Amino acid sequence: MTPFLEIAGLSRHFGSFVAVRDVNLEIRKGEFMTFLGPSGSGKSTTLYALAGLDTPTSGNIRIEGKSILDVPPHRRNIGMVFQRYTLFPHLTVAENVGFPLSVRRRPAAEIAAKVGRMLELVRLQDFAQRKPGQLSGGQQQRVALARALVYEPPVLLMDEPLAALDKKLREEIQCEIRRIHRETGVTILYVTHDQEEALRLSDRIAVFSKGVIDQIGTGAELYENPATRFVAEFIGDSDFLPCDVLAVRDGLASIGLSGGLAVDGVPLHGNPAAGKAELMLRPERISLSRAMPASGPALPAVIGDLTFLGSHLQVAAATLDGRALSVRLPFGHEVVGSLARGDEVWLSFRPADACAFCSAQGGS
Amino acid sequence: MLLHWDKLGWWRWVLLAVTILTAVFLLLPILFIAALSFGSSQWLIFPPPSWTLRWYDELFADPSWLDAAWTSFKIAVVVALLSVLIGTLAAFGLVRGRFRGREALKAFFLTPMILPVVVLAVALYAFYLRVGLDGTVTGFVLAHLVVALPFSILSIGTALEGFDKSIEDAAVLCGATPLEAVLRVTLPAIASGLFSAAIFSFLASWDEVVLAIFMASPSLQTLPVKIWGTLRQDLTPVVAAVSTLLIALTLVLMLLVSLARRFAKSS
């Protein structure tokens, strides 16, 4: 079966700079897909190619099997919400939302009815006669969302639509976007650099780094099983310890840490030829005890800073060779009350919870 | 702010005096002319011995003044329309275009502002004699268009630079053709820039005298040419009355421009 939306071998060069390199992606109908990555990672360029505002150097984009690259942007029938406020300043909110129908020469009665329904969807019925200049940033983006959905496009593109808003408002509108996605069933491609936003909204996330997609998966997959060190750093919190790869079998490695500790059964990513790797540990997956645990790998460490964060205690510890490791202890953990700066403790973890990434140049 | 009014001490009085002197220096000739136009003296004696509207009566009774004013108005309106049309196209090219020599082209379009008008006038006159445009309305319009265009390009270009292209992109993605997006979204959004371009172009033509003297013929002359000619033949307070009306018109137009800007900002 052909996928609903397919990006195949998409590349975009600006002179000698490669903004997007061989991006391949398949998106299901009704899916909420997020492009997550830092600025300059190629996520927006990919979105602009979909919108038709930018022409890719090579590759193809197909919707229901048909290439859209030859279709001019105004005939693609794709909705888009921009990062910047793009409401038409001289038109009222209702005229803005009705604009796509008006250029499609729909009868006035139909336009009025659909505009009313859309304003209801974004909960701005009472603002129909206002001008954009009289709205707050959050309201303007909701009107832009209504304008992008009023002609029922099969695909909605959103390019960091909430980046200019403050945190509280952002979370409020994230909820609205989720509800609108549920109610309309529209396929959404969403660009953001905010991992929390990506996790909150998406069915699946494509993590962009330096013009390529490092990994595609659900938030949980990216968190549990990061394919690259970049993904591990970008999704969730993580610390890295340098280690040697001693042996590899079935994708699981035996590694040696400084201080002579050897750990078996660590998932390994990348080419172990160089023999050097970095071990990723998540702060919430490390156990802390005063005595050396009877079994399992454990590292001796010294407590640095202790930060109380309500539901949990953030512990900044250092290994004996001075590497920083964060540990997150749930409030009420047996040692929380007595822990103090300078205490010597043991940090243990399950090999399956850790992950090793081979260093490309051998060593960090 | 580094230089705050309250922190200036006695310097503020110096500043105030300089400001008042400058304003007086700029305004006095205008007030002087206005006063003379209502004065009864045939010889423009100041202060006027008594007040009268006689010169305004004479002005409106003389069809040659009205003819000249009508000619000026016709030419200025056509110049304003063409200047906005061409200026809009040029501004789009200069602001949106990404091509080699864009900066040079921008500078080239503004040269009529720097070039001595009399040089332009002599060159155009020589050219017009050859192609038979001298003494025609078309010749007038073309000559004034040269000096009016830089105003349009500057004012529309500035408005266009301040307009976020993403808004036009949004209109295109909404289904508008690129032309429709410009006509229905971009142009209305920069309407105040188009309006001031029209007013400035109108004024550039309306009170232009150097080119007009070269282009004029006995049967076709603009108001500034008529004033110039009258002044050379006989000094009459009618000229002061014309000047006062011209100043009043200019004031009204400038007021309209600033109102349009304020309206654009508030909406």
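This structure is a prediction, so every number in the text was calculated from the model and none was measured.

1. Here we look at the overall build of chain B
If you tally the helices and strands in chain B, you get twelve helices and zero strands. Starting at the N terminus and ending at the C terminus, chain B contains elements arranged as α-α-α-α-α-α-α-α-α-α-α-α. Dimensions along the principal axes, computed over C-alpha positions, put chain B at roughly 70 × 65 × 30 Å. Within chain B, the proportion of its 267 residues that are buried is 40%. Across chain B, every contact between residues at least 6 apart in sequence was considered, and the portion connecting residues at least 24 apart equals 70%. Split by element, the accessible area of chain B, about 15,100 Å² in all, is 74% carbon and sulfur. Treating the 17 positive side-chain charges of chain B as one cloud and the 15 negative ones as another, the clouds have centres 8 Å apart.

2. Regarding the pairing of strand E19 (residues 344-348) of chain A
Pairing geometry for strand E15 (residues 287-289) of chain A and E19(A), over three bridges, is antiparallel. Bridging across to E19(A), A:Ser287 finds its partner in A:Ser348.

3. Concerning the pattern of salt bridges
Residue and element names in this part refer to chain A. This structure, assessed with the given rule, holds 33 salt bridges over all chains. A salt bridge links Glu196 to Arg200; its shortest N-O distance comes to 2.9 Å. Linking Glu196 with Arg200, this pair stays in helix H6 (residues 195-201), spanning four residues, or about one helical turn. Take Glu196: its relative accessible area is 40%, and that puts it in the partly exposed class. Note on Arg200: relative accessible area 30%, which makes it partly exposed.

4. Focus: the sheet that holds strand E10 (residues 212-217) of chain A
Residue and element names in this part refer to chain A. Within the open sheet, the six strands sit side by side as E6-E7-E8-E3-E9-E10. Their pairing is mixed. Among the strands making up the open sheet, the edge pair consists of strand E6 (79-81) and E10. For this sheet the average axis-to-axis angle between neighbouring strands, irrespective of direction, equals 15 degrees. When strand E3 (residues 32-36) meets strand E9 (residues 204-209), the two strands line up parallel, connected through four bridges. Considered in E9, the bridge of Met33 is made with Arg204. Each of E6 and strand E7 (155-159) is contacted by helix H4 (residues 137-149), which is oriented at about 170 degrees to E6, the strand it contacts most.

5. Let's talk about the domain arrangement of chain B
Residues and elements named next belong to chain B. One can read the domain layout of chain B as domain 1 (5-36) and domain 2 (62-266). Distance from the C-alpha centre of domain 1 to the C-alpha centre of domain 2: 31 Å. Counting residues at the interface gives four residues for domain 1, matched by four residues for domain 2. Both faces combined, the contact of domain 1 with domain 2 buries some 320 Å², and carbon together with sulfur accounts for 81% of it. Of all residues in domain 1, Ile30, Ile33 and Leu36 bury the most surface against domain 2, accounting for 85% of the area lost on that side. Our count for the contact surface shared by domain 1 and domain 2 stands at zero salt bridges. Here domain 1 is connected to domain 2 by zero residue pairs in polar contact (both at pLDDT 80 or more). Within the side of domain 1 that touches domain 2, the residues separate by chemical class into four nonpolar, no polar and no charged.

6. A look at the packing of helix H7 (residues 165-173) of chain B against helix H8 (residues 178-189) of chain B
All names here are of chain B. Where H7 contacts H8, the two axes come as close as 9 Å, and the packing angle between them is 125 degrees. Relative to H8, the element H7 is oriented oblique. Along this stretch, H7 crosses H8, giving a crossing that reads as right-handed. Residues Ile167, Glu168, Ala171 and Val172 of H7 form the contact with H8, whose own contacting residues are Pro178, Ala181, Val182, Val185 and Thr186. Residues that form the contact of H7 with H8 fall into these classes: seven nonpolar, one polar and one charged.

7. Points about the interface of chain B and chain A
Across the contact, 19 residues belong to chain B and 23 residues belong to chain A. It is B:Leu173, B:Cys174 and B:Arg184 that lose the most area in chain B upon contact with chain A, and together they represent 37% of the buried surface on that side. The interface formed by chain B and chain A includes two salt bridges. Between B:Asp164 and A:Arg84 there is a salt bridge, with its nearest N and O atoms 3.4 Å apart. The interface formed by chain B and chain A contains seven residue pairs in polar contact (both at pLDDT 80 or more). Put simply, the parts of the chain that give the side of chain B that touches chain A at least two residues each are H7 and H8 of chain B. The biggest single contributor to the side of chain B that touches chain A is H7(B), with seven residues. Classifying every residue of the side of chain B that touches chain A gives eleven nonpolar, four polar and four charged.

8. Here's the deal with the nonpolar core
Residue and element names in this part refer to chain A. Within the largest apolar cluster, 36 residues are counted, with the highest numbers of intra-cluster contacts made by Leu145, Leu156 and Ile177. Of all elements in the fold, only helix H2 (93-103), helix H3 (108-121), H4, E7, helix H5 (167-184) and strand E8 (187-192) reach the threshold of two or more residues within this core. Considering each element in turn, this core owes the most residues, six residues, to H4. The contact partners of Leu156, leaving out residues within four places of it in the chain, are Gly79, Met80, Val81, Leu145, Ala148, Leu149, Val186, Thr187, Ile188 and Leu189. Of all hydrophobic cores here, the second largest spans 32 residues; its members include Leu261, Val263, Leu339 and Ala354.

9. Quick notes on the sheet that holds strand E11 (residues 239-249) of chain A
Residue and element names in this part refer to chain A. Taking strand neighbours around the barrel as the criterion, the five strands line up as E11-E12-E13-E20-E14 in a closed arrangement whose pairing is mixed. When strand polarity is set aside, the average angle formed by the axes of neighbouring strands in this sheet is 50 degrees. In terms of strand pairing, E11 meets strand E14 (residues 276-281) through six bridges, oriented antiparallel. Each bridged residue has a counterpart across the sheet, and for Asp244 the counterpart in E14 is Lys276.

How each quantity is defined
- Residues numbered from 1 in each chain as written.
- Chains lettered and ligands numbered in written order.
- Predicted model: local features only at pLDDT ≥ 70, side-chain atom pairs only at ≥ 80, totals over all residues.
- Heavy atoms only, no water.
- Helix = DSSP H or I, 4+ residues; strand = E, 2+ residues; numbered from the N terminus.
- Buried < 20%, exposed > 50% of the residue type's maximum accessible area, 1.4 Å probe, protein only.
- Contact = heavy atoms within 4.5 Å.
- Areas by Shrake-Rupley, 256 points an atom, 1.4 Å probe, with all protein chains shown as cover.
- Lys, Arg positive; Asp, Glu negative; His and termini not counted.
- Charge placed at Lys NZ, Arg CZ, Asp CG, Glu CD.
- Pairing = 2+ DSSP bridges.
- Salt bridge = Lys/Arg side-chain N within 4 Å of Asp/Glu carboxyl O.
- Axes fitted to C-alpha atoms, helices over the stretch in contact; angles between N-to-C directions.
- Domains from an automatic or database assignment.
- Buried area = accessible area lost by both parts, 1.4 Å probe.
- Polar contact = N/O pair within 3.5 Å; in protein donor to acceptor, adjacent residues only side chain to side chain.
- Nonpolar A, V, L, I, M, F, W, Y, C, P; charged D, E, K, R; others polar.
- Parallel < 35°, antiparallel > 145°, perpendicular 65-115°, else oblique.
- Left-handed = near helix turned anticlockwise from the far one by under 90°.
- Core = buried A, V, L, I, M, F, W, Y, C linked by side-chain atoms within 4.5 Å.

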